[in-house]
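Each chain, written out:
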Amino acid sequence: MANPNSLPLYEKYWYKHNYKRVLDSFILILLLLLLGYRIISINNYSFHWFVALICELWFTLSWVFTISTQWNPALIKTYPHLLLQSVQELPPVDLFVTTADDELEPPIITMNTVLSLLALDYPSHKLACYVSDDGCSPLIFYALQESSKFAKHWVPFCKKYKIQVRAPFRYFCDDECTTNNEEFNHEWLRMKRMYENLSHKIEVDPKSIPSLLEGEFDVFSNTQRTNHPTIIKVIWENKEMVEDGLPHLIYISREKRPKQPHHFKAGAMNVLYLGAGLAGLQGIFYGGTNCFHRRKVIYGLSPDDVENVSKEVVKSVVDALEGRIYSPNDINVTKAVEEATQVACYGYEYGTGWGKQVGWIYGSITEDVLTGLTIHKKGWRSELCTPDPVAFRGCAPIGGPTSMAQHKRWATGMLEIFFSKHCPIFGTIFGKLSFRQFLAYMWIMNWGFNPVALVCYSCLLPYCIITNSNFLPKDWGICIPIALIVTYMVYTLVEYLISGMTIRAWWNNQRMSLITPMNAGFCGFITILLKLLGISNTIFDITKKDIPSSSDEVQDKDASRHTFDKSLVFLPGTTILLLQLTSIFIKLFGFQPQGLSENYECGVAEMLCSVYWIMSYWPFLRGLFERGKYGIPFSTIRKGAAMTCLFVFLCRSTISS
């Protein structure tokens, strides 16, 4: 019989897709051939030819980032049933959930996250759940209190019947229970009624609850979202440390004051982390991105021992670095709350290494990527756990404006990292970031750079049509971009079909692969450019979360139609569409000037590419004629038209000069 201690808790399986490697390499060769053709075509050198060369050079580099990241895929298979056979005692785990706006992030979504964590298949006395409310909302506190009452029934129900889906709104998507177990059916109906009652209590306007600022809620009186003291409340405490009871549940709203930096979500996470966990200080679950972190990794191997940090927290740091388990029985709950109140003040981290070498790193609105990069630079490795079924799922923005705002924030945050001392280049040269890992980080940093190349490349089409010039080859060289486009299209289409997706899904994603970066990504680049010039600073935009109406897909009319608002994030796309339409109009009605010769005139290739761009921007084309949220606001159209006229004027000026 095998020794249980010798059995692995997980195994990594490497798999090779040779056909993918061949096609990836073939596309790279075609890109290099196109670059070579540009370089050797000396007679065609011009401004737009040079711009095309620079853009295609970046596209080639982007493809290198992509294929390097996808070259060695691996799958992790876990064996959780061997865990208790391998260790004598499971470690304590702290679970962190963050929220910042009770309007954009409905409390019912946050509460479902909390309820699913409280019902984890893990000893309850080893768990503690902390909810960070960065909006200082009494409604969130009220929702937590009501959810804790429901959790006393929900958690035992999940553990008794081994429920896999522990988020109630997902679990109760089915209208009725179809099992033959009468006892289970009775319990299922009872739990569903209780959850519906909880939802009705939570989904209310806080102004409609007069007693919300009385009694235990009086700490929220005279508070503002960006101006309030530290508020910490123990919603539920597992005093007897019962293994099958409820985990600790703690509400935290850190202190905020006007004109004091709070570092967005990273600051909130650091408040949760320097604080003594009520169930131990070793494990951590990053609720925002479904990550588990070892505390000694987050503490940075050499944390600062600063005076304003309490002795109990310093002890937890030392214990974490030395690998000792901090027993939940060693923690005094009252003292722990006092310690947490101290570190939740806005000035607790001044003069320390928090946010610089320790904890969640400051300096980017994508704090998770920056923190992960810092960890990798120190030489740590990370693994992707892929259990079946999927352990955690989230709610993504549905509408166009919220989705674009989120992608803009991501692009902005990536560029903030690149233009800082945390740049992956420095991590490879001076740190322990491997070269392949550097390429992987550049792949996501490219979310902010690639939109610039795409916008410039898209503008070459109307420029060449208006000026009756060409930037695509007209001799044998045209075979290179044709082969490149056909290969890439067929390659991606086959990938979608193999994955079980439809041709329509493939086409929609092809369109969005142009729309999203050229709007959200380009605006993110402009935001960083303004920051580097000292004109403005970046802000953290909270995106609205929507609850799907079914377990499989969103049954909402907005899901199949693009929505718009007055945000400037839609201006680049509107302008690009108007440029393509204007250039086609000029071509069809013969308003082009006479070309230098037939070899240098605008050809069919430029026209077809322009038509493809218009097809890709079909949602914007419909938006020009729609009204309401499905239509592009007239102010955006007016600005786009003005920029189009300016572009045409400049193109004409280059001809006359």
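Each helix and strand counted, the protein chain has 21 helices and eight strands in total. As presented, the protein chain carries roughly 33000 Å² of accessible surface, and 60% of it is formed by carbon and sulfur atoms.

Residues at a pLDDT of 70 or more form 73% of the protein chain, whose mean pLDDT is 77. Element-level pLDDT for the protein chain is lowest in strand β7 (residues 283–286), with a mean of 27, against a maximum mean of 93 in helix α18 (residues 571–588). Note on residues 275–288: pLDDT under 50 across the span, and 77 contacts to partners over four residues away in sequence or across chains. The model gives residues 320–331 a pLDDT under 50, and that stretch makes 34 contacts with residues more than four places away or in other chains.

Moving on: a nonpolar patch on the surface. Together, Y19, I482, V486, V490, V494 and I498 make up a nonpolar patch on the protein surface, roughly 540 Å² of accessible area in all. Considering every element that reaches the nonpolar patch, the biggest residue donor is helix α16 (residues 479–498), with five residues. With respect to the secondary-structure elements, V494 resides in helix α16.

Let us now look at unusual backbone geometry. Negative phi characterises most residues that are not glycine, and trans characterises most peptide bonds. A positive phi angle is found at K162, which is not glycine, with a value near 55°. Given the relative accessible area of 67%, K162 is considered exposed. Here N468, not a glycine, exhibits a phi torsion of approximately 55°, which is positive.

Summed over the entire model, instances satisfying the criterion amount to eight salt bridges. Between K201 and E146 there is a salt bridge whose closest N-O contact spans 3.4 Å. Of this pair, K201 sits in helix α7 (residues 182–202) while E146 is found in helix α5 (residues 138–160), placing the two residues 55 residues apart along the sequence. With a closest N to O distance of 2.8 Å, E416 and K531 form a salt bridge. In this pair, E416 is assigned in helix α13 (residues 400–418) and K531 in helix α17 (residues 503–532), connecting sequence segments 115 residues apart. A relative accessible area of 6% means that E416 is categorised as buried. You can call K531 partly exposed: its relative accessible area is 30%. When salt bridges with common partners are traced through the structure, they connect E146, K149 and K201 into a single cluster.

Quick look at the packing of aromatic side chains now. Under the counting rule described, the total for this entry stands at 34 aromatic pairs. Judged by centre distance (6.5 Å) and plane angle (80°), the ring pair of W58 and F65 falls under edge-to-face. W58 gets classed as partly exposed once you look at its relative accessible area, which sits at 23%. Here the guanidinium or amino end of R38 rests over the ring plane of W49, the centre of that ring lying 4.2 Å away.

Our next topic: the nonpolar core. Core analysis: the largest hydrophobic core is formed by 44 residues, its most contacted members being Y457, F471, M518, Y617 and F620. Elements with a contribution of two residues or more to this core: α2 (47–70), α15 (435–467), α17, α18, α19 (604–616), α20 (618–623) and α21 (634–656). F471 has contacts with R38, H48, W49, A52, Y457, L460, L461, C464 and E606, leaving out every residue within four places of it along the chain. Counting 43 residues, the second largest nonpolar core, distinct from the first, contains M111, V114, A167 and Y195.

Let's shift gears to the packing of helix α12 (residues 367–377) against α15. Close contact between α12 and α15 brings their axes to 12 Å; oriented N to C, the two are set at 170°. The angle between α12 and α15 places the two elements in the roughly antiparallel class. Contact with α12, carried on its side by V369, G372, L373 and H376, involves Q437, Y441 and I444 of α15 and no other residues of that element. The residue makeup of the contact of α12 with α15, split by class, is four nonpolar, three polar and no charged.

Turning our attention to α15. For α15, the principal kink sits at W447 and spans about 50°; a proline, P451, occurs within the next four residues. Within α15, 25 of the 33 residues are buried, which leaves the element mostly enclosed by the surrounding structure. Positioned one or two residues after α15, N468 has a phi angle of 55°, which is positive.

This brings us to the environment of N181. Note on placement: N181 falls in the loop between α6 (168–171) and α7. Residue class for N181 comes out partly exposed when judged on its relative accessible area of 37%. A distance of 3.0 Å separates the side chain of N181 from the backbone nitrogen of E183, its partner in a polar contact.

Before going further, it helps to examine the environment of I576. By the secondary structure assignment, I576 is in helix α18. A relative accessible area of 4% means that I576 is categorised as buried. C-alpha of I576 to C-alpha of G640: the two residues are 64 residues apart in sequence and 8.1 Å apart in space. I576 has contacts with V455, S458, M518, W613 and Y617, leaving out every residue within four places of it along the chain.

Attention shifts here to the packing of α13 against α17. Two elements in contact, α13 and α17, have axes whose closest approach is 8 Å; the angle formed by their N-to-C orientations is 45°. Between α13 and α17, the angle is such that the two are oblique. In the crossing of α13 with α17, the sense of the turn from one axis to the other is right-handed. Between α13 and α17, the contacting residues are M404, H407, K408, A411, T412, L415 and E416 on the first element and I515, T516, N519, A520, G521, C523, G524, F525, T527, I528 and K531 on the second. Broken down by class, the residue content of the contact of α13 with α17 amounts to eight nonpolar, seven polar and three charged.

Rules of the game
Residues numbered from 1 in each chain as written. Predicted model: local features only at pLDDT ≥ 70, side-chain atom pairs only at ≥ 80, totals over all residues. Heavy atoms only, no water. Helix = DSSP H or I, 4+ residues; strand = E, 2+ residues; numbered from the N terminus. Areas by Shrake-Rupley, 256 points an atom, 1.4 Å probe, with all protein chains shown as cover. pLDDT = per-residue confidence, 0-100. Contact = heavy atoms within 4.5 Å. Patch = residues over 30% accessible without salt bridge, like charges linked within 9 Å, V, L, I, M, F, W, Y side chains within 5 Å. Salt bridge = Lys/Arg side-chain N within 4 Å of Asp/Glu carboxyl O. Buried < 20%, exposed > 50% of the residue type's maximum accessible area, 1.4 Å probe, protein only. Phe/Tyr/Trp six-rings, centres within 6.5 Å; stacked < 30°, edge-to-face > 60°. Lys NZ or Arg CZ within 6 Å of the ring centre and 35° of its normal. Core = buried A, V, L, I, M, F, W, Y, C linked by side-chain atoms within 4.5 Å. Axes fitted to C-alpha atoms, helices over the stretch in contact; angles between N-to-C directions. Parallel < 35°, antiparallel > 145°, perpendicular 65-115°, else oblique. Nonpolar A, V, L, I, M, F, W, Y, C, P; charged D, E, K, R; others polar. Bend = angle between axes of the 7 residues up to and from the residue. Polar contact = N/O pair within 3.5 Å; in protein donor to acceptor, adjacent residues only side chain to side chain. Left-handed = near helix turned anticlockwise from the far one by under 90°.

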